[in-house]
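# Coordinates in review
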There are 2 protein chains.
Amino acid sequence: MNRTCYRVFVLIVLVATTLIARAARAQDPLPSWNDTAAKKAIVDFVAKVTKEGSPDFVKPEDRIATFDNDGTMWVEQPIYTQVEFAMQRVPAAVKEHPELADNEVFKAILSRDREAIAKFTLGDIEKIVAVTHSGMTVEQFKQIVKDWLDRAEQPRFKKPYTQCIYQPMLELMQYLRASGFKTYIVTGGGQDFVRAFAQKTYGVPGDQVIGTAGKVKYQYKDGKAELIKLPEVLLIDDKTGKPEGINLVIGQRPIAAFGNSTGDQQMLEYTGAGSGARLMMLVHHDDAVREYAYGQDSKIGTFSNALMDEAKSKGWTVISMKDDWKTIFPWEK
Amino acid sequence: MNRTCYRVFVLIVLVATTLIARAARAQDPLPSWNDTAAKKAIVDFVAKVTKEGSPDFVKPEDRIATFDNDGTMWVEQPIYTQVEFAMQRVPAAVKEHPELADNEVFKAILSRDREAIAKFTLGDIEKIVAVTHSGMTVEQFKQIVKDWLDRAEQPRFKKPYTQCIYQPMLELMQYLRASGFKTYIVTGGGQDFVRAFAQKTYGVPGDQVIGTAGKVKYQYKDGKAELIKLPEVLLIDDKTGKPEGINLVIGQRPIAAFGNSTGDQQMLEYTGAGSGARLMMLVHHDDAVREYAYGQDSKIGTFSNALMDEAKSKGWTVISMKDDWKTIFPWEK
């Protein structure tokens, strides 16, 4: 072979290799996942339940998958996004209810007393959420959330919260939908809060968002019919509340469930206890370099040792963000 | 034309006419409706909201239609089907809770004391429902309902209750779905009760059934995860509870709503108060010959004069079963 001929040959090989690699990537529904056991568990499960004639075949109407949101679909550190939103809404709420300015909890937020804020109890946070999430119509509230999400930034990544989502989980959701699944968000966070961005961010419509829900009050005057948000809780969609919320809204046991903390334990148990092929996975935050590393001792997104033991004994897949995910965020692509 | 030739000609005309009529029927999505204003209101509405480029065009994801069940989709006289079910479940419930045998309400049912039963208050009926609808898993309850529906008969028509459905309303539901709508049942009846037959009877899946819901309790033992029905109410999906339930489960305002009684008033107001093309309809039971005739003074399915006035003033369509429906039940076809 002469030199020119050799060069042409090398060029052809290079182009062909690139094209083949690109085609392989295009075919891979989970390009942000490394080729580890976690990815294999997903692909094997989907192959089984979608193969007609297979003993594990599941009819499309029974292909229900449920996803936790905070820590499973998007970043929950250093604080749940919705709690940050509620705290930033406090000045506006105090303007409407001046008597709150004398309350220790609201005083701490207004004066940005970090030490006092760090000591807030769950009851304090519930009070803040109740006050900042009520008194307006459901539509007005969703607009307030949308406006806030358009300008707020996650403090570490300096990106909008709706970009601080996990690319591998988004691919998993899309892959399941392309395989005939219905994908639901089942969140301990507020249902109306998550509905404000779930369609645009995850492609999940409002009727597939199950969350902690406040009571609303129907009001009809001058031909206008509105639902006003009340500062009272109807259902808490966390822990045992997750299977209960799933039953209320879906009325059917999921065949796949994804979470990351003790709040998701019962949802995974409920999913796993059904008959036929099942897929239960827990995202483990073990990558302090690219995201955060936390578990047993974290107040937010607690992944207890007991949960880890249960996952091992039941064969649930624990996803290591460090080892199983090639990329974490959409902007890394 | 000689006689043979004339006969052939008549035959051809007859066959052609039959074929043309059959083709016209095949094209008509609402063959059980007479060609009156009610049918025209439906067809015009669907044409408007599905025509791309039209000012009234509605994107498929926003095409939400909600249907009441009792009296709108199936017969509710002489008593709500679910109340009949609950009363027939009383002997089994008393076997499990022998102390109930001393209670006046349960005594009346056990001894078939028609006079006492006729005097039952809403509180009495709620007590019967609470006792007969709790203490089992959600799946067990649905199976009990299915088994009962398989053998119970509507007393006047001597047919299973799931056949005592309104053929015109079924066609309307199917027509809307074929036009890209999601069709929901929004019932004052029990959510689990209606979910037991909605898919088979109406083609409506469980996650599109909104109803009065009891609380459930998550229970996990020996690897089995179950939701046990409790004798407590979580939400009453009637009157103002209908828009509230719609918001909880769908998170979106419907563009079409169908009911038949004062329990549906708020659902229709809520639907009608949105912007863009809307369709609100009320089934009026005015056909004692083919079904039942009742309204203002009926304890079951009350259609008050105030509701009739509101319907007229707001332009809601009142469906006359007598004049607008060619056939009422599926078996008449």
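Data block above holds the structure.
The text that follows walks through the structure, step by step, so that each part is easy to find. (Residues numbered from 1 in each chain as written. Chains lettered and ligands numbered in written order. Predicted model: local features only at pLDDT ≥ 70, side-chain atom pairs only at ≥ 80, totals over all residues. Heavy atoms only, no water.)

Let us look at the packing of aromatic side chains. Within the structure shown, the criterion is met by 34 aromatic pairs over all chains. When the ring of Tyr166 of chain A is compared with that of Trp325 of chain A, the centres are 5.5 Å apart and the planes differ by 45 degrees; the resulting orientation is tilted. Pair noted here: Tyr166 of chain A is in the loop between α8 (138-151) and α9 (167-178) and Trp325 of chain A is in the segment after α15 (321-324), with a separation of 159 residues, a long-range link. This pair shows no difference in class: Tyr166 of chain A is buried, exactly as Trp325 of chain A is. With 4.4 Å between their ring centres and 10 degrees between their planes, Phe329 of chain B and Trp331 of chain B make a pair best called stacked. Joined through ring pairs, the aromatic side chains of Trp74, Phe85, Phe141, Trp148, Tyr161, Phe193, Phe197 and Tyr202 of chain A make up one cluster. One cation-aromatic arrangement involves Lys229 of chain A over Phe141 of chain A; the distance from NZ or CZ to the ring centre is 4.6 Å. (Phe/Tyr/Trp six-rings, centres within 6.5 Å; stacked < 30°, edge-to-face > 60°. Helix = DSSP H or I, 4+ residues; strand = E, 2+ residues; numbered from the N terminus. Buried < 20%, exposed > 50% of the residue type's maximum accessible area, 1.4 Å probe, protein only. Lys NZ or Arg CZ within 6 Å of the ring centre and 35° of its normal.)

The next subject is helix α12 (residues 241-249) of chain A. Since the α-helix packs 3.6 residues into each turn, any two residues three or four apart lie on the same face. In terms of burial, α12 of chain A is a largely internal element, 8 of the 9 residues being buried. Inspection of α12 of chain A places Gly241, Lys242, Pro243, Gly245, Ile246, Asn247, Leu248 and Val249 of chain A among the buried residues, and these make up the whole buried set.

Between two packed helices, both the angle of their axes relative to each other and the distance between the axes serve to describe the pair. Residues and elements named next belong to chain B. Running from N to C, helix α11 (residues 241-249) and helix α12 (residues 265-272) cross one another at 55 degrees; their axes reach a closest spacing of 7 Å. Between α11 and α12, the angle is such that the two are oblique. In this structure, α11 uses Lys242, Pro243 and Ile246 to contact α12, whose residues at the interface are Gln266, Met267 and Tyr270. A breakdown of the residues in the contact of α11 with α12 according to their chemical character gives 4 nonpolar, 1 polar and 1 charged. (Axes fitted to C-alpha atoms, helices over the stretch in contact; angles between N-to-C directions. Parallel < 35°, antiparallel > 145°, perpendicular 65-115°, else oblique. Contact = heavy atoms within 4.5 Å. Nonpolar A, V, L, I, M, F, W, Y, C, P; charged D, E, K, R; others polar.)

We now examine the interface of chain A and chain B. Each partner contributes residues to the interface: chain A has 38 residues there, and chain B has 38 residues. For the chain A and chain B pair, buried surface summed over both sides reaches about 2,900 Å², with 51% attributable to carbon and sulfur atoms. Counting the surface chain A buries against chain B, the share from its top three residues, Asp207, Tyr218 and Leu248 of chain A, is 21%. Summed over the shared surface of chain A and chain B, the number is 4 salt bridges. (Buried area = accessible area lost by both parts, 1.4 Å probe. Salt bridge = Lys/Arg side-chain N within 4 Å of Asp/Glu carboxyl O.)

Residue and element names in this part refer to chain A. Together, Tyr6, Val10 and Leu14 line one region of the surface with nonpolar side chains, adding up to about 280 Å² of accessible area. Within the secondary structure, Val10 sits in helix α1 (residues 3-27). Residue classification places Val10 among the partly exposed positions, given a relative accessible area of 31%. (Patch = residues over 30% accessible without salt bridge, like charges linked within 9 Å, V, L, I, M, F, W, Y side chains within 5 Å. Areas by Shrake-Rupley, 256 points an atom, 1.4 Å probe, with all protein chains shown as cover.)

With that out of the way, let us pick up the relation of the copies chain A and chain B. Take chain A, turn it by 180 degrees, move it 0.1 Å along the axis, and it overlays chain B with an RMSD of 0.3 Å. When the rotation and shift are considered jointly, the pair of chain copies conforms to a two-fold rotation axis. Minimal C-alpha separation from the rotation axis in chain A is found for Val249 of chain A, amounting to 2.9 Å. By residue overlap, the copies meet face to face through one surface: 100% of the interface positions of chain A are interface positions in chain B. (Least-squares fit on C-alpha atoms with pLDDT ≥ 70 in both.)

Let us look at the pairing of strand β7 (residues 317-320) of chain B. All names here are of chain B. Of the pairings in the sheet, the one linking strand β6 (residues 279-284) to β7 comprises 4 bridges and is parallel in character. Across the sheet, residue Met281 finds its bridge partner in β7, namely Thr317. Between the parallel elements β6 and β7, the chain passes through helix α13 (residues 305-314) in a crossover that is right-handed. (Pairing = 2+ DSSP bridges. Right-handed = clockwise from strand over helix to strand, strands pointing away.)

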